[in-house]
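Chain and residue survey
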Amino acid sequence: MKKKLVSLLTVSALSLSVLAGCSSSSDSAADVASSAEEAAEEAVEEKTEEVADAVEETAAEVTDAVAGGDLADKKVGVCIYQFSDNFMTLFRNELESYLVAQGFSADNITIVDGANDQATQTNQIQNFITSGVDVLIINPVNSSSAATITDLVVGANIPLVYINREPDADEEQRWEDNNWNVCYVGCDARQSGTYQGEIIVDLGKDVVDLNGDGKIQYIMIEGDPENVDAQYRTEFSVKALEDAGLEVECLDDEVGNWDQATAQQLVANALSAHPETEVVFCNNDAMALGALQSIESAGRTVGTDIYLVGVDALSEALEDVIAGTMTGTVFNDHFSQSHSAADAAINFLNGAGNDHYIGCDYVKVTADNAQEILDSVK
Ligand code: GAL
């Protein structure tokens, strides 16, 4: 059987060579030779590509395994100034899930509540240092304590990412001058203030100047006054009105500490003392939601006889903007900020380093785009 097959093959090979010989032109022989060569080249190319792909895939797998393995072993300490803060709750939940998605083990991520007390937070930082964390992400209670915090953390040779509450320019300069592994991730609060003011300006003077006295009467509800976000939002919201040529009159300026219930009380008092109020500026949405409760209890209607703006784009506030019960807000992008903070921590861990300031943009929100923003944050 085997023999038969061999002889059959021999015969066919012979007939093939005869056939090739029959055509007898040297061109055809050359054609056969070159197509054989092409086929061989193609086969080699294909094989080379396959091998290259396989090598690339394996290399990527190895890198992932090494990085994932490394990160899974790394300990991250996260200090939040106060857990009960609405915006920082969105921020910290997103931060945690993004860190896990990047390969950190949930067991190695510890997030602590500073309970709005710097002494408590400084203690927590010391404990993190003692327990040997590999990187710290800190939302300081008092930005003015940043120099002390930086000294502690850098002294322990731990990289540090500040979030949300920006330390002052002198402090950031020290990181630069000493080439320390310290950076800040956050937005420029001046932009959010400007956007708040522009939302009012864009309504038009005739619409906002409800009593027609040529001035915009407003009340301002501030966040924690130690916080640069509160300072800049207060300053730049009003500045945007003035820059647009509007005359302004501040009827009341109170500190609501970012808190809904506090703001509700403050706005109730302010409205009864100043029924001529045309605009209520709140440094954040939690306080704007409190303001709205008081505006409604006072029998006033946003969009008709008063205007109200906040910052953050909390879902509840976005729903109010859609319904017209809030004039507008400003999206404080906790996705982008928390992801950049985690990426910065990873860059420090793998030795890539970071710029000392990592910024993020706010987005102006009115009835025109509130639904779009709400869909994107859900
Ligand atoms: C601001 C935010 C406020 C509050 C504050 C805490 O960026 O708008 O709602 O969370 O941070 O520092």
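Relevant structure appears above.
A quick note: this is a predicted structure, and the numbers were derived from the prediction, not measured.

Rules of the game
Residues numbered from 1 in each chain as written. Predicted model: local features only at pLDDT ≥ 70, side-chain atom pairs only at ≥ 80, totals over all residues. Heavy atoms only, no water. Near = heavy atom within 4 Å. Polar contact = N/O pair within 3.5 Å; in protein donor to acceptor, adjacent residues only side chain to side chain. Areas by Shrake-Rupley, 256 points an atom, 1.4 Å probe, with all protein chains shown as cover. Nonpolar A, V, L, I, M, F, W, Y, C, P; charged D, E, K, R; others polar. Domains from an automatic or database assignment. Helix = DSSP H or I, 4+ residues; strand = E, 2+ residues; numbered from the N terminus. Contact = heavy atoms within 4.5 Å. Pairing = 2+ DSSP bridges. Axes fitted to C-alpha atoms, helices over the stretch in contact; angles between N-to-C directions. Parallel < 35°, antiparallel > 145°, perpendicular 65-115°, else oblique. Left-handed = near helix turned anticlockwise from the far one by under 90°.

Some words on the site of the ligand
- If you check the shell around the ligand, you find Tyr81, Asp85, Phe87, Asn164, Arg165, Asn227, Asp229, Arg233, Trp258, Asn284, Asp312 and Asn332 and nothing else.
- Contact distances for the ligand include 2.6 Å between an oxygen atom and a side-chain N or O atom of Asn164.
- The side chain of Asn284 places a nitrogen or oxygen atom 2.9 Å from an oxygen atom of the ligand.
- Here the ligand has 310 Å² of accessible area as a free molecule, and 99% of this is covered by the chains.
- Across the shell around the ligand, the residue classes tally to three nonpolar, four polar and five charged.
- Two domains each put at least three residues into the shell around the ligand: domain 2 (75-187 + 334-359) and domain 3 (190-331).

Observations regarding the side chain of His274
- Residue position: His274 is located in the loop between helix H10 (260-273) and strand S8 (279-282).
- A distance of 3.3 Å separates a polar side-chain atom of His274 from the backbone oxygen of Leu251.
- Look past the residues within four positions of His274 in its chain and what remains in contact with it is Leu251 and Asp252.

Topic: the sheet that holds S8
- Ordered by their spatial adjacency, four strands build an open sheet running S7-S6-S8-S9, and the pairing between neighbours is parallel. For this open sheet the edge positions go to strand S7 (247-255) and strand S9 (307-309), each flanked by a neighbour on one side alone. Each strand axis lies, on average, 20° off the axis of its neighbour in the sheet, ignoring direction.
- For S8 and S9, the ladder comprises three bridges, and the chain directions are parallel. Note on S9: the bridge partner recorded for Val279 is Tyr307.
- Lying over the sheet, helix H9 (residues 228-243) contacts strand S6 (215-222), S7 and S8, oriented at roughly 170° with respect to S6.
- Its contacts with the sheet put H10 on S6, S7 and S8, and the angle it makes with S6 is roughly 150°.

What to know about the packing of helix H12 (residues 315-323) against helix H14 (residues 370-377)
- At a minimum axis separation of 9 Å, H12 and H14 run at an interaxial angle of 155°. Considering their axes alone, H12 and H14 lie roughly antiparallel with respect to each other. For the element pair H12 and H14, the recorded crossing hand is left-handed. Two secondary-structure elements touch here, H12 through Ser315, Leu318, Glu319, Val321 and Ile322 and H14 through Ala370, Gln371, Ile373, Leu374 and Val377.
- The residue inventory of the contact of H12 with H14, partitioned by class, reads seven nonpolar, two polar and one charged.

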